[in-house]
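Coordinate analysis (summary)
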Amino acid sequence: MGVSFAQEYERAPKRLKVSAEDEEELEEGEESDSASPRLMGEDEEDEGQRRARWSSSDRKDNGSETHRIAPSPVVHVRGLCESVVEADLVESLEKFGNICYVMMMPFKRQALVEFEEAQSADRCVSFGSQEPVYIAGQQAFFNYSTSKRITRPTNADDPNSGNKVLLLSIQNPLYPITTDVLYTVCNPIGNVLRIVIFKRNGIQAMVEFESIQNAQKAKAALNGADIYAGCCTLKIEYARPSRLNVIRNDNDSWDYTKPFLLRRERCKGRQRQAILGEHPSSYSDNGYGSHCPLLPLPSNNRFKRVSHHDVPEVVSYPLPQSSASYMSHASSAVAMVSGLHPNKMNCTRIFNLFCLYGNIEKVKFMKSVPGTALVEMGDEYAVDRAITHLNSIKVFSKRLNVCVSKQHAVIPSQVFELDDGSSSYKDFAMTRNNRFTSAGQASKNIIQPPSCVLHFYNVPPCVSEEDLQRLCTEHDVPGFIKYKVFDAKPSSKTISGLLEFDSKTHAVEVLTVLNHYQIRIPNGSNPYTLKLCFSTSSHL
């Protein structure tokens, strides 16, 4: 395999599954185009997929199934349309019996549905094997899960229990998620008392409603819905705590019963002397400048259709344009990155890492500040995403610091040679390796925080596990400890799979070095561009 960083882009088109036979591929090859965030409850999704196996050899010509999995109260539903929400499943399937829990898998277009009785699940699966069952206007397919119960975050002994606090996992968060955004989405369904947003692994939030009934309505109407078209998808579970404790009202937490709750003072008494005094006027308390309004909710978003089961109609809400909560989004499309390894980081490697969160226009190392670079991205939202997911991660034994730059553009001045011989400035505006150049392309890039598992794709079928391991050795980066390749169609010209590493840091370093590596094969006219991104999987 030869190497050159030619600007080659050959992204596999995203598959649209329209039948049970197409859905068969999803089990092993779900991540063939991009990765989605692994948040709380995501392990149960993969577990549900592994347990609810479908045998294509058992499928009859008329599309029915002979069920070899032992009957279970839990039914695995596949072939759902993209706009489906939990209420749609309840509306279509409650005729088979009472439903006590639903777990949505939005990006997989699947769900697990738990009935109160195994006989109800049996009626559902049997009926679906003989006659079509439509959910939100599209035929769905059913099979038993070998699990007898869907794992819940709370109240494990009572399958019908609920909670007035919901846990929201925001998947593919292309735009900032603030308390204002979530309040605007949730409050029309039921009175919201408190919201707390946290970003330990991706973006999650807890929303406390006035009553359990309001929380149940919100879960039914919003579970699986998009806040914005094609992104910011909600996966909702009942949370463990029954009440939220909010100490201040800001972008990440808000107590709506105490509208005048102030920020808690960090300390009392004498404060340290500030060298430069107060923050510059161009910055707010949280280090960001003036905001721009988020995109309005589209008229065809998932909120438009909900079931009639005591759930109010949800409409496209106009977003508050003047709220202070929106000041969390960056005032500049330029990020400043410090803590870069002087010998191992260059413009191309910064691009390889940051391109997962937005288009990269230009990268320039600062001559006056060693180990620091300016990265001009496609817009302020991309800078927000880079800060959320890359700030404080370790790369080559050095911890990165990613923040908003005061500069509004990168100017190619004072260009010099880096330690590895490459230029301190590079323009990436025309590269085909940018992954957000159109709305369709951007929707395939699921925003995912760094993990110890990398998803690889666009690799020629002749490349083996040993070839990839040798590639890591040749570039002096850690090797992977586990390897998995997805089943591909016979006509497919590329393969994809997963690589697991000892640590998240190792995975970050490999992605930084080998993302967009040019794989050349004998007698091949054009090289294959190796594509890497962080996977949803926490292990193989």
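Notes on the structure follow. For every chain, the first residue of the written sequence is number 1, and numbering continues from 1 along that sequence. Two thresholds apply to this predicted model, a pLDDT of at least 70 for residue-level local features and 80 or more for giving and counting side-chain atom pairs, whereas whole-chain, interface and lining totals are computed over all residues. Only hydrogens and water are set aside when side-chain values are computed; all heavy atoms of the structure are taken into account.

A few points about the overall build of the protein chain
- A tally of helices and strands in the protein chain yields 12 helices and 24 strands.
- Using a 1.4 Å probe on the protein chains alone, a residue whose accessible area is under 20% of its type maximum counts as buried, one over 50% counts as exposed, and one in between counts as partly exposed. Counting the 540 residues in the protein chain, one finds 54% classified as buried.
- A total accessible area of about 24,200 Å² is found for the protein chain, and carbon and sulfur atoms account for 49% of it. Under the scheme used here, helices are H or I runs from DSSP no shorter than 4 residues and strands are E runs no shorter than 2 residues, and both carry numbers assigned from the N terminus. Reported accessibility uses the Shrake-Rupley method at a 1.4 Å probe radius. Residues are deemed covered only where the shown protein chains occlude them.

Things to note about the pattern of salt bridges
- A side-chain nitrogen of Lys or Arg and a carboxyl oxygen of Asp or Glu constitute a salt bridge if their distance falls within 4 Å. One pass over the full model with this rule turns up six salt bridges.
- As a salt-bridge pair, Glu86 and Lys219 come within 2.9 Å of each other at their nearest N and O atoms. Placement of the pair is Glu86 in helix α4 (residues 86–93) and Lys219 in helix α7 (residues 212–222), with a sequence separation of 133 residues.
- Judged by its relative accessible area of 9%, Glu86 falls in the buried class.
- Between Lys164 and Glu208 there is a salt bridge whose closest N-O contact spans 3.6 Å. Within this pair, whereas Lys164 is found in the loop between β5 (138–144) and β6 (165–171), its partner Glu208 is found in strand β8 (residues 203–209), the two being separated by 44 residues in sequence.
- A residue is classified by how much of its surface remains accessible, and Lys164, at 24% relative accessible area, is partly exposed.
- Overall, the relative accessible area of 1% leaves Glu208 in the buried class.

Notes on the packing of aromatic side chains
- Between 30 and 60 degrees the pair is tilted, below 30 it is stacked and above 60 it is edge-to-face, where a pair is any two Phe, Tyr or Trp rings, Trp via its six-membered ring, whose centres lie within 6.5 Å. Counting across every chain of the model gives 10 aromatic pairs.
- Centre to centre, the rings of Tyr175 and Tyr381 are 4.9 Å apart; their planes meet at 85°, and the pair counts as edge-to-face. With Tyr175 in the loop between β6 and α6 (179–186) and Tyr381 in helix α9 (residues 380–390), the pair connects residues that are 206 residues apart, well separated along the chain.
- We classify Tyr175 as buried; its relative accessible area is 19%.
- Relative accessible area serves as the criterion here: at 11%, Tyr381 is assigned to the buried category.
- The interplanar angle of 85° and the centroid separation of 6.3 Å between the aromatic rings of Phe480 and Phe501 together place this pair among those described as edge-to-face. Here Phe480 is found in the loop between α11 (465–474) and β20 (482–485), whereas its partner Phe501 is found in the loop between β21 (495–500) and α12 (504–514), with 21 residues between them in sequence.

Observations regarding the sheet that holds strand β4 (residues 133–135)
- Pairing is antiparallel across the open sheet formed by five strands, whose spatial order is β2-β3-β1-β5-β4. The open sheet has two edge strands, β2 (99–105) and β4, and neither has a second partner. Averaged over neighbouring strand pairs, the angle between their axes works out to 35° when direction is ignored.
- Both β2 and strand β3 (residues 110–115) contribute to a ladder of six bridges, which runs antiparallel. A pair of strands is treated as paired once DSSP finds two or more bridges between them. Lines fitted to C-alpha atoms define the axes, with helix axes restricted to the stretch in contact, and inter-axis angles between N-to-C directions lie between 0 and 180 degrees.

Details of unusual backbone geometry
- Phi at Arg109 is positive, roughly 55°, even though this residue is not glycine.
- In this structure, Arg109 sits in the loop between β2 and β3.
- One non-glycine residue, Ser392, lies in positive phi territory at about 75°.
- Mapping Ser392 onto the fold places it in the loop between α9 and β15 (394–395).
- By relative accessible area, Ser392 is classed as partly exposed at 37%.

Some words on α4
- Among the eight residues of α4, six are classified as buried, and the element is accordingly described as predominantly covered.
- What α4 keeps buried is the set Glu86, Ala87, Asp88, Leu89, Ser92 and Leu93.

Observations regarding the environment of Asp226
- Its location among the elements puts Asp226 in strand β9 (residues 226–228).
- In sequence terms Asp226 and Asn172 are 54 residues apart; their C-alpha atoms lie 9.7 Å from each other.
- Here the side chain of Asp226 touches Thr233 through a polar contact of 2.5 Å, side chain to side chain. By the criterion applied in these results, polar contacts are pairs of N or O atoms within 3.5 Å in which, for protein atoms, one can donate a hydrogen and the other can accept it, and in which residues neighboring in sequence qualify only through two side-chain atoms.

Thoughts on the packing of helix α8 (residues 347–354) against α12
- The contact between α8 and α12 brings their axes to 7 Å, and the two run at 120°. Relative to α12, α8 is oriented oblique. The chirality of how α8 crosses α12 is right-handed. Judged by residue contacts, Arg349, Asn352 and Leu353 of α8 engage Val508, Leu511, Thr512 and Val513 from α12.
- For the contact of α8 with α12, the per-class residue count stands at four nonpolar, two polar and one charged. The labels follow the angle: roughly parallel below 35 degrees, roughly antiparallel above 145, roughly perpendicular from 65 to 115, and oblique for the rest. Put simply, a crossing is left-handed when the front helix is turned counterclockwise from the back one by less than a right angle, and right-handed when it is turned clockwise. In what follows, a contact means two residues having at least one pair of non-hydrogen atoms within 4.5 Å. Polar here means any residue outside two lists: the nonpolar Ala, Val, Leu, Ile, Met, Phe, Trp, Tyr, Cys and Pro, and the charged Asp, Glu, Lys and Arg; Gly therefore counts as polar.

Some points on the sheet that holds β8
- Pairing is antiparallel in the open sheet, where six strands are placed in the order β9-β10-β6-β8-β7-β11. Each of the sheet's edge strands pairs with one partner strand only, and the pair in question is β9 and β11 (253–255). Adjacent strand axes in the sheet meet at a mean angle of 25° when their direction is disregarded.
- When β6 meets β8, the two strands line up antiparallel, connected through six bridges. Paired with Leu168 across the strands is Ala205, a residue of β8.
- Sitting on the sheet, α6 is in contact with β6, β7 (192–198), β8, β9, β10 (231–238) and β11, with an inclination near 135° to β7.

Side note on the pairing of β6
- Extensive coverage of β6 is indicated by the burial of seven of its seven residues.
- The alternating pattern of β6 places Val165, Leu167, Ser169 and Gln171 on one face and Leu166, Leu168 and Ile170 on the opposite face, and all of these are buried.
- Bridge count for β6 against β10 is six bridges, and the pairing is antiparallel. Bridging from a neighbouring strand, Gln171 pairs with Thr233 of β10.

Some points on the side chain of Arg435
- By the element assignment, Arg435 lies in the loop between β18 (425–427) and α10 (439–443).
- For Arg435, a relative accessible area of 2% corresponds to the buried category.
- Only 3.2 Å separates the side chain of Arg435 from the backbone oxygen of Leu532, close enough to count as a polar contact.
- Dropping the residues within four chain positions of it, Arg435 is found in contact with Cys355, Leu356, Asn359, Gln441, Ala442, Asn445, Tyr457, Asn515, His516, Lys531, Leu532 and Cys533.

Quick word on the side chain of Asn359
- Following the sequence through the fold, Asn359 ends up in the loop between α8 and β13 (360–365).
- Within the structure, Asn359 has its side chain in polar contact with the backbone nitrogen of Phe436 (distance 2.9 Å).
- Here Asn359 is in contact with Glu376, Met377, Gly378, Asn434, Arg435, Phe436 and Thr437, once residues within four sequence places are set aside.

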